[in-house]
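So the chains spell out like this:
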Amino acid sequence: MAKKPFLVGRQEFAALYGVQPTQVTQWVARGVLDYDCAVIVSGSPYWLLSFVRGFGQMTPRPKALNETELQRLVAEQEPGEWARSVEGLPPLLGLQEATALFGLSSQQNLSAVVRQGRFAPADYQLSGSPLWLLDTLIKAAPEIQARSRTVVWAVVPQVEAALRQGRYHGPGSVIAPRGRAANAV
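This write-up is about the structure you can find in this document. If you're wondering where the values come from, they're calculated on a predicted model, not measured in any experiment.

Section: the pairing of strand 4 (residues 44-48)
Counted residue by residue, strand 4 has 5 buried out of 5 residues, so it is predominantly covered. In terms of strand pairing, strand 2 (residues 7-8) meets strand 4 through 2 bridges, oriented antiparallel. Across the sheet, Leu7 pairs through a bridge with Leu48, a residue of strand 4. Two strands pair when backbone bridges link them, and strand 3 (residues 38-41) and strand 4 are joined in this way by 4 bridges, in the antiparallel orientation.

Shown next, in the form of structure tokens:
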């Protein structure tokens, strides 16, 4: 099995520093944190654990890292690798990208299949969301199709190519503004 990069979402980031997940969002809003060391999947940021591990020492007011939580996250994602840059990450998909990959009209169809355990097991479960490596879904597509009675689980070649080449700009590729920020647009 190929190693996958160690990643964290907002909830895991917050747990590593003993704060609420909303605090991570506030760090971004105040410019203390950005998305340079994150990948956006299904509209949410997922940071490299190698970056997050040192984040507390890079801030004006140092923050203590919870080493027990760090060890738990690493053990949960083994075998993994300490990636240093998001540029070299393999393509990652959440529900929105997987919906586009299979040309489904609604994320609801995919969500139901995932909840029922009839889809490929997620490579990650971060901040309450399943994430897959593109190759996991491509490999699982024939089996998913064989078990399906009504949905055609065919990979859309253009979406696969865009994901592989890092030029996917479909659903989930950006963080959609929420709350007051959404109303200001």
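Brief notes about the pairing of strand 8 (residues 129-133)
Within strand 8, 4 of the 5 residues are buried, which leaves the element mostly enclosed by the surrounding structure. Relative to strand 8, strand 6 (residues 92-93) runs antiparallel, the two sharing 2 bridges. Directly across from Leu93, in strand 8, lies its bridge partner Trp132. Of the pairings in the sheet, the one linking strand 7 (residues 124-126) to strand 8 comprises 3 bridges and is antiparallel in character. Looking across to strand 8, one finds that Tyr124 is bridged to Leu131. Adjacent in sequence and paired antiparallel, strand 7 and strand 8 are bridged by 2 residues, among which Ser127 carries a positive phi angle near 50 degrees.

Focus on the nonpolar core
Soluble, globular proteins show a tendency: their nonpolar side chains are buried together. Phe13, Leu16, Trp47 and Val52 are the most contacted members of the largest nonpolar core, which totals 32 residues. Counting residues in hydrophobic clusters, the runner-up holds 22 residues, among them Leu95, Ala98, Ala120 and Tyr168.

A short note on the sheet that holds strand 7
One open sheet holds the 3 strands; their spatial order is 6-8-7, and the pairing between them is antiparallel. The outermost strands of the open sheet, each flanked by one partner alone, are strand 6 and strand 7. Of the strands in this sheet, strand 6 and strand 8 are in contact with helix 7 (residues 134-147), which crosses strand 8 at around 80 degrees.

What about unusual backbone geometry?
Most of the time, phi is negative for any residue but glycine, and the peptide bond is trans. Between Glu78 and Pro79 the backbone carries a cis peptide bond, its omega angle lying at -5 degrees. For Pro79, the position within the fold is in the loop between helix 4 (67-77) and strand 5 (80-81). At Ser42, a position not held by glycine, the phi torsion is positive, near 50 degrees. Looking at the element boundaries, Ser42 is found in the loop between strand 3 and strand 4. What makes Ser42 buried here is its relative accessible area of 18%. A positive phi angle is found at Ser127, which is not glycine, with a value near 50 degrees. Tracing the backbone through its elements, the reader meets Ser127 in the loop between strand 7 and strand 8.

Things to note about the packing of aromatic side chains
In the structure shown here, the tally under the stated rule is 14 aromatic pairs. Residues Phe119 and Trp153 carry aromatic rings whose centres are separated by 5.7 Å and whose planes lie at 50 degrees to one another, so their mutual orientation is tilted. Residue Phe119 is found in the loop between helix 6 (107-115) and strand 7, and its partner Trp153 is found in the loop between helix 7 and helix 8 (157-164); the two are separated by 34 residues along the sequence. Of the two residues, Phe119 and Trp153, neither departs from the other in class, the shared state being buried. Ring pairs connect the aromatic residues Phe13, Tyr17, Trp27, Tyr35, Trp47, Phe51 and Phe55, which therefore count as one cluster. In this structure, Lys4 is placed above the aromatic ring of Tyr124, and the distance from its NZ or CZ to the ring centre is 4.7 Å.

Here is what the cut-offs are and how they apply
- Residues numbered from 1 in each chain as written.
- Predicted model: local features only at pLDDT ≥ 70, side-chain atom pairs only at ≥ 80, totals over all residues.
- Heavy atoms only, no water.
- Buried < 20%, exposed > 50% of the residue type's maximum accessible area, 1.4 Å probe, protein only.
- Helix = DSSP H or I, 4+ residues; strand = E, 2+ residues; numbered from the N terminus.
- Pairing = 2+ DSSP bridges.
- Core = buried A, V, L, I, M, F, W, Y, C linked by side-chain atoms within 4.5 Å.
- Contact = heavy atoms within 4.5 Å.
- Axes fitted to C-alpha atoms, helices over the stretch in contact; angles between N-to-C directions.
- Phe/Tyr/Trp six-rings, centres within 6.5 Å; stacked < 30°, edge-to-face > 60°.
- Lys NZ or Arg CZ within 6 Å of the ring centre and 35° of its normal.

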